[in-house]
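Here's the letter readout for the chains.
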Amino acid sequence: MDSNRPIGVFDSGIGGLTVANAIRELLPKENIVYFGDTAHLPYGEKSADAIRYYCIRISKFLLEHQCKMIVIACNSASSAAYDILLDFFKERSLFVSVVDPLVDLVASSDYKKVGVIATKATVSSNAYKNKLAKAAPQINVVQLATPLLVPMIEEGFHKDDISQQIITKYLSKPALKNLDALLLACTHYPLIKKHIESYYEDKVDVIDSASPVARAVQTKLKENNLLNIVGVGEQRFFVSDYTKSFDETTRIFYNENVSLEEVSIW
Ligand code: DGL
């Protein structure tokens with residue numbers, strides 16, 4: 001396979017841009033094709049079967065763009081569809097989920113109690129709980145679905161009293177007491193990381209997937225001799241349903257100007 005081929009990155013919407021951003025910063029020579037399934041957002045409220053169906057079609061689209069690697073930049077999608085995507089397409093592309101890099105990071109720590117906040121789909125899949133039970137059975141893992149956080153962030157409420165109140169309401173639940181670390185198991189949540197850290201007064205490690213996933217991408221490309229070492233990476237951003245509001249929201253998720261192209265794949 002040619003290392004000049006792009007990395008495909010997909011999410012239910014534009015939250016996965018936090019992961020694309022980290023990949024771009026770490027690997028600026030890589031070409032990126034991003035797909036946001038804005039027609040079906042939010043995945044966090046969908047059944048596992050529906051999410052799998054969407055992910056298979058999106059992966060086909062990214063393979064049509066010759067992607068050497070597909071990064072599932074959505075926790076709900078990674079939790080529901082990683083295994084089936086490997087079954088279907090592992091001969092044609094490398095795959096990176098957002099769950100495994102965080103699990104590996106936590107498994108190499110000395111944490112005793114770790115919290116996971118995520119969408120309903122991610123929590124009900126038990127992906128983090130099951131993988132951590134295998135990789136680090138000594139860690140007590142507690143999960144909490146925090147469904148209001150995605151629409152709150154999408155609507156731009158991530159720096160004010162409303163967001164502070166919602167964050168406090170969730171994080172003060174008894175299950176999340178006495179944590180050593182909290183995993184932000186949703187690709188939207190890096191945008192409220194600072195608020196969460198200040199809620200804990202920096203006494204709890206707050207960990208998001210963007211940088212660990214970018215490092216996992218780098219490692220896997222290196223292992224497969226597929227790192228692009230020439231030129232400056234080009235980027236394209238597709239969505240399945242274009243709205244002006246998505247266009248505007250990209251600015252809070254990505255450090256560079258993003259021009260969204262609508263594509264009909266359904
Ligand atoms: N990006 C999704 C995730 O990481 C959250 C948004 C959604 O529910 O579609 O789970």
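Everything that follows concerns the structure shown earlier in this document.
Below is a summary of the structure that appears in this document. (Residues numbered from 1 in each chain as written. Predicted model: local features only at pLDDT ≥ 70, side-chain atom pairs only at ≥ 80, totals over all residues. Heavy atoms only, no water.)

1. What about the pattern of salt bridges?
Side chains that carry opposite charge are capable of pairing whenever their charged atoms lie near each other. Going through the model one piece at a time under the given rule, you end up with 10 salt bridges. In this structure, Lys120 and Glu45 form a salt bridge, with 3.2 Å as the shortest nitrogen-oxygen distance. Taken together, the residues span a long stretch of sequence, with Lys120 in helix α5 (residues 120-125) and Glu45 in the loop between β2 (32-36) and α2 (48-64) at a distance of 75 residues. A salt bridge links Lys193 to Asp208; the nearest nitrogen and oxygen atoms lie 2.8 Å apart. Residue Lys193 is located in helix α9 (residues 193-199), and its partner Asp208 is located in strand β8 (residues 205-208); the two are separated by 15 residues in the primary sequence. Taking the relative accessible area as the measure of exposure, Lys193 reaches 22% and is therefore partly exposed. (Salt bridge = Lys/Arg side-chain N within 4 Å of Asp/Glu carboxyl O. Helix = DSSP H or I, 4+ residues; strand = E, 2+ residues; numbered from the N terminus. Buried < 20%, exposed > 50% of the residue type's maximum accessible area, 1.4 Å probe, protein only.)

2. Quick look at the sheet that holds β2
What the 6 strands build is an open sheet, ordered β4-β3-β1-β2-β9-β10; its pairing is parallel. The two strands at the open ends of the sheet, each matched to only one other strand, are β4 (94-97) and β10 (260-262). In this sheet, adjacent strand axes meet at a mean angle of 25° when their direction is disregarded. Bridge analysis of strand β9 (residues 235-239) against β10 gives 3 bridges, and the strand direction is parallel. Across the sheet, residue Phe238 finds its bridge partner in β10, namely Glu261. Lying over the sheet, α2 contacts β1 (7-11), β2, β3 (69-72), β4 and β9, oriented at roughly 155° with respect to β1. Contacting β1, β3 and β4, helix α3 (residues 75-89) crosses the sheet at an angle of about 170° to β4. (Pairing = 2+ DSSP bridges. Axes fitted to C-alpha atoms, helices over the stretch in contact; angles between N-to-C directions. Contact = heavy atoms within 4.5 Å.)

3. Concerning helix α8 (residues 161-171)
Buried residues of α8: Ser163, Ile166, Ile167, Tyr170 and Leu171, and no others. Taken end-on, α8 shows its buried residues confined to a sector of 120°, consistent with a single buried face. Residues Asp161, Gln165 and Lys169 are exposed on α8 and point more than 90 degrees away from its buried face. In this structure Asp160 caps α8, since a side-chain oxygen of it lies 3.2 Å from the backbone nitrogen of Ile162. (Arc of directions from axis to C-beta. Polar contact = N/O pair within 3.5 Å; in protein donor to acceptor, adjacent residues only side chain to side chain.)

4. So, the site of the ligand
Taken together, 14 residues sit near the ligand, with Asp11, Ser12, Tyr43, Gly44 and Ser76 positioned nearest. Within the side chain of Ser12, one N or O atom sits 2.5 Å away from an oxygen atom of the ligand. In the environment of the ligand, an oxygen atom lies 2.9 Å from a nitrogen or oxygen atom belonging to the backbone of Asn75. Burial of the ligand by the surrounding chains reaches 99%, relative to a free accessible area of 300 Å². (Near = heavy atom within 4 Å. Areas by Shrake-Rupley, 256 points an atom, 1.4 Å probe, with all protein chains shown as cover.)

5. A closer look at the packing of helix α1 (residues 17-26) against helix α10 (residues 210-223)
Here α1 crosses α10 at 50°, and the two axes come no closer than 8 Å. By the angle class used here, α1 and α10 are oblique. Judged by the sense of rotation from one axis to the other, the crossing of α1 with α10 is right-handed. Along the contact surface, α1 presents Thr18, Val19, Ala22, Ile23 and Leu26, while α10 presents Ala210, Ser211, Val213, Ala214, Arg215, Val217 and Gln218. (Parallel < 35°, antiparallel > 145°, perpendicular 65-115°, else oblique. Left-handed = near helix turned anticlockwise from the far one by under 90°.)

6. As for the nonpolar core
One finds Ile23, Val71, Ile117, Ile196 and Val217 to be the most contacted residues of the largest nonpolar core, which totals 53 residues. When residues no more than four places from it in sequence are discounted, the contact partners of Val217 are Ile7, Ile23, Leu27, Met69, Val71 and Val96. (Core = buried A, V, L, I, M, F, W, Y, C linked by side-chain atoms within 4.5 Å.)

7. Structural notes on the state of the cysteines
For the coordinates displayed, the defined rule picks out 0 disulfides. In this structure Cys74 is not part of a disulfide, and its nearest cysteine sulfur, from Cys186, lies 7.1 Å away. Take Cys186: its relative accessible area is 6%, and that puts it in the buried class. (Disulfide = S-S within 2.5 Å.)

8. Quick word on the environment of Asn178
Looking at the element boundaries, Asn178 is found in the loop between α8 and β7 (181-184). Sequence-wise, Asn178 and Gly115 are 63 residues apart; in three dimensions their C-alpha atoms are separated by 9.4 Å.

9. Points about the side chain of Asn31
With respect to the helices and strands, the residue Asn31 is situated in the loop between α1 and β2. Since its relative accessible area comes to 14%, Asn31 is described here as buried. In terms of polar contacts, Asn31 uses its side chain to reach the backbone carbonyl oxygen of Asn4, at 3.0 Å. With residues up to four places along the chain from it excluded, the contact list for Asn31 reads Asn4, Pro6, Ile7, Asn228, Val232, Gly233 and Glu234.

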